[in-house]
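# A closer look at the structure
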Amino acid sequence: DYFMRLPGSTPENEVTIDAYTIRSVAAFINFSCDPNLEVKPIAAPSGDKRIRRVAFFAARDIKPQEELGYRRDPNACSSRSRDASIACSCGSSLCHGYV
């Protein structure tokens, strides 16, 4: 699954990024229930606000050889999301059991 949903100020402004055919090395970053990265929307180089991109920023110091991870759905961290159907295997003691 290469979709990333970015919330908008209204439901009509929500954007879904489909990175199936065009993606970067960021596609190899894993999901984690105890992430060391934060995902932030950024402006496209063109300045067109309709085109959205995301960037990954360190949420804390990252040790050499430490696996990179981000929380796929930060709004569903405390309870199982209705959309969650992929088992999580992040190995964290904080694992929620689903992605």
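In this report, we go over the structure that sits alongside the text.

What counts, and at which threshold
- Residues numbered from 1 in each chain as written.
- Predicted model: local features only at pLDDT ≥ 70, side-chain atom pairs only at ≥ 80, totals over all residues.
- Heavy atoms only, no water.
- Helix = DSSP H or I, 4+ residues; strand = E, 2+ residues; numbered from the N terminus.
- Buried < 20%, exposed > 50% of the residue type's maximum accessible area, 1.4 Å probe, protein only.
- Contact = heavy atoms within 4.5 Å.
- Areas by Shrake-Rupley, 256 points an atom, 1.4 Å probe, with all protein chains shown as cover.
- Core = buried A, V, L, I, M, F, W, Y, C linked by side-chain atoms within 4.5 Å.

## With respect to the overall build of the protein
For the protein, the helix and strand inventory stands at zero helices and six strands. Of the regular secondary structure in the protein, the N- to C-terminal order runs β-β-β-β-β-β. When burial is assessed residue by residue, the protein has 21% of its 99 residues classed as buried. If you take every contact in the protein between residues at least 6 apart in sequence, the share linking residues at least 24 apart comes to 46%. Element-wise, carbon and sulfur atoms account for 51% of the exposed surface of the protein, whose accessible area totals about 7,700 Å².

## Regarding the nonpolar core
Counting residues in hydrophobic clusters, the biggest one holds six residues: Met4, Leu6, Val15, Ile29, Leu37 and Tyr70. Ignoring anything within four residues of it in the chain, the contact list for Met4 reads Val15, Thr16, Ile17, Val39, Val54, Phe56 and Tyr70.

## Some points on the environment of Asp61
Tracing the backbone through its elements, the reader meets Asp61 in the loop between strand E5 (52-58) and strand E6 (69-70). Given a relative accessible area of 74%, Asp61 falls into the exposed group. Sequence-wise, Asp61 and Leu37 are 24 residues apart; in three dimensions their C-alpha atoms are separated by 9.6 Å.

## Side note on the side chain of Asn36
The topology assignment puts Asn36 in the loop between strand E3 (30-31) and strand E4 (37-43). Ignoring anything within four residues of it in the chain, the contact list for Asn36 reads Phe57, Ala58, Ala59, Arg60, Ile62, Glu66, Glu67, Leu68 and Gly69.

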